[in-house]
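The chain contents come next:
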Amino acid sequence: VLLVESGGGLVQAGGSLGLSCRASGLSISRYAMGWFRQAPGKEREFVAAINWSGGSTSYADSVKGRFTISRDNAKNTVYLQMNNLKPEDTADYYCARNARAWSGVDDSPHSYEYWGQGTQVTVSS
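Everything numeric in this text was worked out from a predicted model, so none of it was measured.

Enquirer: Quick one: what's the story with the side chain of Arg66, residue by residue and with numbers?
Expert: Note on placement: Arg66 falls in the loop between strand E6 (57-59) and strand E7 (67-72). Arg66 gets classed as buried once you look at its relative accessible area, which sits at 8%. Side-chain polar atoms of Arg66 contact the backbone oxygen of Asn84, separated by 2.9 Å.

Enquirer: Just give me the short version of the state of the cysteines, but keep the residues and values in it.
Expert: For the structure on display, the rule yields 1 disulfide. Across the disulfide, Cys21 is cross-linked to Cys95 (sulfur-sulfur distance 1.9 Å). Because the torsion about its S-S bond is 55°, the bridge between Cys21 and Cys95 counts as right-handed. Taken as a pair, Cys21 in strand E3 (residues 17-24) and Cys95 in strand E9 (residues 91-101) lie far apart in primary sequence, 74 residues in all. The exposure class assigned to Cys95 is buried, which follows from its relative accessible area of 0%.

Enquirer: Describe the sheet that holds E3, with residues and values.
Expert: The 4 strands are arranged E1-E3-E8-E7 in an open sheet whose pairing can be described as antiparallel. Each edge of the open sheet carries a strand with a single partner, namely strand E1 (2-6) and E7. Between one strand axis and the next, the sheet turns by 15° as a mean value, whatever way the strands run.

Enquirer: Lay out the packing of aromatic side chains in plain terms, naming residues and giving numbers.
Expert: For the structure shown, the criterion picks out 5 aromatic pairs. A centroid spacing of 5.0 Å and a plane angle of 50° characterise the contact between Phe36 and Trp115, whose relative ring orientation is tilted. One end of the pair, Phe36, is in strand E4 (residues 31-38); the other, Trp115, is in strand E10 (residues 112-115), with 79 residues separating them in the sequence. Each ring, one from Tyr112 and one from Trp115, has its centre 6.3 Å from the other, and the planes form 65°; the classification is edge-to-face. Residue class for Trp115 comes out partly exposed when judged on its relative accessible area of 27%. An aromatic cluster of at least three residues, connected via ring pairs, comprises Phe36, Phe46, Tyr112 and Trp115. Across the ring face of Tyr94, the terminal group of Arg44 is positioned such that the distance to the ring centre comes to 4.0 Å. Across from the ring centre of Tyr31, 3.5 Å away, lies the NZ or CZ of Arg97, which sits over that ring.

So, how was this worked out
Residues numbered from 1 in each chain as written. Predicted model: local features only at pLDDT ≥ 70, side-chain atom pairs only at ≥ 80, totals over all residues. Heavy atoms only, no water. Helix = DSSP H or I, 4+ residues; strand = E, 2+ residues; numbered from the N terminus. Buried < 20%, exposed > 50% of the residue type's maximum accessible area, 1.4 Å probe, protein only. Polar contact = N/O pair within 3.5 Å; in protein donor to acceptor, adjacent residues only side chain to side chain. Disulfide = S-S within 2.5 Å. Pairing = 2+ DSSP bridges. Axes fitted to C-alpha atoms, helices over the stretch in contact; angles between N-to-C directions. Phe/Tyr/Trp six-rings, centres within 6.5 Å; stacked < 30°, edge-to-face > 60°. Lys NZ or Arg CZ within 6 Å of the ring centre and 35° of its normal.

What is shown is where atoms sit, not what they do.
Rendered as structure tokens:
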């Protein structure tokens, strides 16, 4: 059972990155998915979430208008498009699958059962 993130890297402020999270041995089609991030010395924080169908999304205020979460259930994959990146976006980014099927968007990390290993995003000023 794996969630594997990819797409992280080093980018200059104002640039863009697209993250992917592909599930293997685990279906995500009936579950809300979330992206979280954790910067060095800080707690893990909510970034974005999407419900099982993709019809409802939620974003942290700090990324609203810059990040877009989406999903392709046929590919068992969730995406996070990050535009106009800022140095404060620097963190390890994690995707997670909600513990309850058919759940709505949820910003609490405690509601998520499966987590990926993370991908590092570094934004230089």
